[in-house]
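Observations on the three-dimensional arrangement
Here is how the chains run, residue by residue.
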Amino acid sequence: MVEALQIKQQVRQWMDTARQMMLDGLNEGIDVTTKTGPHDLVTNIDRQVEQYYITQIKQAYPEAHFFGEESIHNYTQEGMMWIIDPVDGTMNFVKQQDNFASMVAVYQDGNPVVGFILDVVNNDLYWGGPEVGAYRNEQPLLPPVDLSLEQGLLGVGSRMILSNNYHSQELGQRAFGIRVNGSAGMEFISVLTGKTTGYLSYLHPWDFATGRIIAESLGLTVKKIDGSALDMLSSTTVLVATKRTAAEVIRVANS
């Protein structure tokens, strides 16, 4: 517990600085390029924020390893592992200047320690881990009500529902309604706070590593779409949901 709380104090300060870097970037102008395709955006701010986090972590934890979206893909299950998504929802960052997050997760010998999702625009930090519970800033989060799929809204990745992968259109019809946000971090926040009853999307490790830690500390289900455990080295279709919603989504998606 002491270690997670110590890390929290440090990361909160780092994220305050990173947030200002992002807001300054919006005010001063952003350099936008693409990675794997025309809709896979990256900005100078993504790279600057990730490098800032890595510099701070190296100073505080010289033996730490890193797995960052924009620069370093070197996951290990030995020692302290930091997984970084500097600007989660870059398209929202560029096009909406809203609905984007910054995420940092810490694992020790492959086990979750503590994760942090910063809702940048609203300056709310969602954080937690197995030894400390889950919080919004300093306020403890209560486990969401265990709603069924029919009782709640379901967050879905845009490409998934457009392509009807894993019967996602049927799942949307079964749900009370669907929501498409464009940021995994913001979607995780919606499930953590009970605004949605689940979220289903194809995600990379840096997209789900942080949300997984906080969600599991609240008793939520975080699994692959086939119901198996997540592999922290692999990109895959991820489901985070209440237990009742998770059971139904897994059943329909694999029917």
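A brief report on the enclosed structure follows. (Residues numbered from 1 in each chain as written. Predicted model: local features only at pLDDT ≥ 70, side-chain atom pairs only at ≥ 80, totals over all residues. Heavy atoms only, no water.)

1. Description of the layout of surface pockets
For clarity, the cut-off: The pocket and cavity definitions rest on a 1 Å grid over protein atoms only: a 1.4 Å probe that fits but cannot leave marks a cavity, an open set with protein on both sides within 12 Å along at least five of seven lines marks a pocket, and residues lining either have an atom within 4 Å of a point. Grid points are joined across faces, edges and corners, and a volume is the space filled by probe spheres set on the points. We count a stretch as a helix when DSSP gives it H or I for four or more residues in a row; a strand needs E for two or more, and each element gets its number in order from the N terminus. Polar here means any residue outside two lists: the nonpolar Ala, Val, Leu, Ile, Met, Phe, Trp, Tyr, Cys and Pro, and the charged Asp, Glu, Lys and Arg; Gly therefore counts as polar.
In this structure, the largest pocket spans a volume of roughly 1000 Å³. Considering the residues around the largest pocket, the lining is formed by 34 residues, among which His 39, Arg 159, Gly 182, Tyr 202 and Asp 207 are closest to the centre. Where the lining of the largest pocket is concerned, the elements lending two or more residues are strand E4 (80–88), helix H3 (90–95), helix H4 (158–163), helix H6 (184–192), strand E12 (198–203) and helix H7 (205–217). When residues of the lining of the largest pocket are assigned to their parent elements, the largest contribution, 4 residues, is made by E12. Of the residues belonging to the lining of the largest pocket, the class tally is 11 nonpolar, 15 polar and 8 charged.

2. Details of the side chain of Glu 187
Filter applied, for reference: Residue burial is assigned from relative accessible area. The probe radius is 1.4 Å, only protein chains are included, and a residue is buried under 20% of its type maximum, exposed over 50%, and partly exposed in between. We treat Lys and Arg as the positive residues and Asp and Glu as the negative residues; His and chain ends play no part in the count. Any Lys or Arg side-chain nitrogen found within 4 Å of a carboxyl oxygen on Asp or Glu counts as a salt bridge. In protein, a polar contact requires one atom able to donate a hydrogen and another able to accept it; more generally it is a pair of N or O atoms within 3.5 Å, and residues adjacent in sequence count only if both atoms are side-chain atoms. Only heavy atoms enter the contact rule, under which two residues are in contact if any of them lie within 4.5 Å.
With respect to the secondary-structure elements, Glu 187 resides in helix H6. In this structure, Glu 187 is buried with no salt-bridge partner, the nearest side chain bearing the opposite charge being Arg 179 at 8.7 Å. Within the structure, the side chain of Glu 187 is placed 3.0 Å from the backbone nitrogen of Asn 181, a separation counted as a polar contact. When residues no more than four places from it in sequence are discounted, the contact partners of Glu 187 are Gly 155, Val 156, Arg 179, Val 180, Asn 181, Gly 182, Thr 196 and Tyr 199.

3. Let's talk about unusual backbone geometry
Positioned with a positive phi, Asn 99 is a non-glycine residue whose angle comes to about 60°. You can see Asn 99 is positioned in the loop between H3 and strand E5 (101–108). With a relative accessible area of 26%, Asn 99 lands in the partly exposed category. Although it is not a glycine, Asn 137 adopts a positive phi angle of roughly 55°. Along the polypeptide, Asn 137 turns up in the loop between strand E8 (133–136) and strand E9 (139–140).

4. Some points on the sheet that holds strand E14 (residues 236–241)
As a reminder, the rule being used: We call two strands paired when DSSP finds no fewer than two bridges between them. An axis is simply a line fitted to the C-alpha atoms; with a helix, the fit covers only the stretch in contact. Between two such axes, the angle follows the N-to-C directions and lies from 0 to 180 degrees.
An order of E11-E10-E12-E14-E13 is seen for the 5 strands of this open sheet, with the pairing classed as mixed. Two strands lie at the open edges of the sheet, namely strand E11 (177–179) and strand E13 (221–224), each paired on one side alone. Across this sheet, the average inter-strand angle for adjacent strands is 20°, counted without regard to direction. Here E12 runs beside E14; their pairing, made up of 6 bridges, is antiparallel. Bridging from a neighbouring strand, Ser 201 pairs with Val 238 of E14. Here H6 sits on the sheet and contacts strand E10 (153–156), E11, E12 and E14; the angle it forms with E12, its principal contact strand, is near 160°. On the sheet, helix H8 (residues 243–253) packs against E12, E13 and E14 and is oriented at approximately 145° with respect to E14.

5. Concerning the pattern of salt bridges
Throughout the structure, instances matching the rule amount to 7 salt bridges. Put simply, Glu 248 and Arg 174 hold a salt bridge, and the shortest N to O gap is 3.5 Å. Taken together, the positions of Glu 248 in helix H8 and Arg 174 in helix H5 (residues 168–174) put the pair 74 residues apart, joining distant regions of the chain. Residue Arg 174 is classed as partly exposed on the basis of its relative accessible area, which comes to 31%. Between Glu 248 and Arg 251 there is a salt bridge, with its nearest N and O atoms 4.0 Å apart. Of this pair, Glu 248 and Arg 251 both sit in helix H8, 3 residues apart, which is roughly one turn of that helix. Overlapping salt bridges bring together Glu 170, Arg 174, Glu 248 and Arg 251 as one network.

6. A look at the environment of Pro 143
Along the chain, the position of Pro 143 falls in the loop between E9 and E10. On a C-alpha basis, the gap between Pro 143 and Ser 217 in space is 8.8 Å, while along the polypeptide they are 74 residues apart.

7. Some points on H7
For the α-helix, the turn length of 3.6 residues means that residues three or four positions removed from each other point alike. Short version of the rule: By this rule the span expected of a helix is its residue count minus one, scaled by 1.5 Å. At every residue, the bend is computed as the angle between two fitted axes, covering the seven residues ending there and the seven beginning there respectively.
In this model, H7 (13 residues) spans 18 Å end to end at C-alpha, consistent with the 18 Å of a helix rising 1.5 Å per residue. Of all the bends in H7, the greatest, near 30°, is centred on Gly 211. With respect to burial, H7 is a largely interior element, 11 of its 13 residues being buried. Buried within H7 are the following residues: Pro 205, Trp 206, Asp 207, Phe 208, Ala 209, Thr 210, Gly 211, Arg 212, Ile 213, Ile 214 and Ala 215. Where H7 terminates, the next one or two residues include Gly 219, which has phi positive at roughly 85°.

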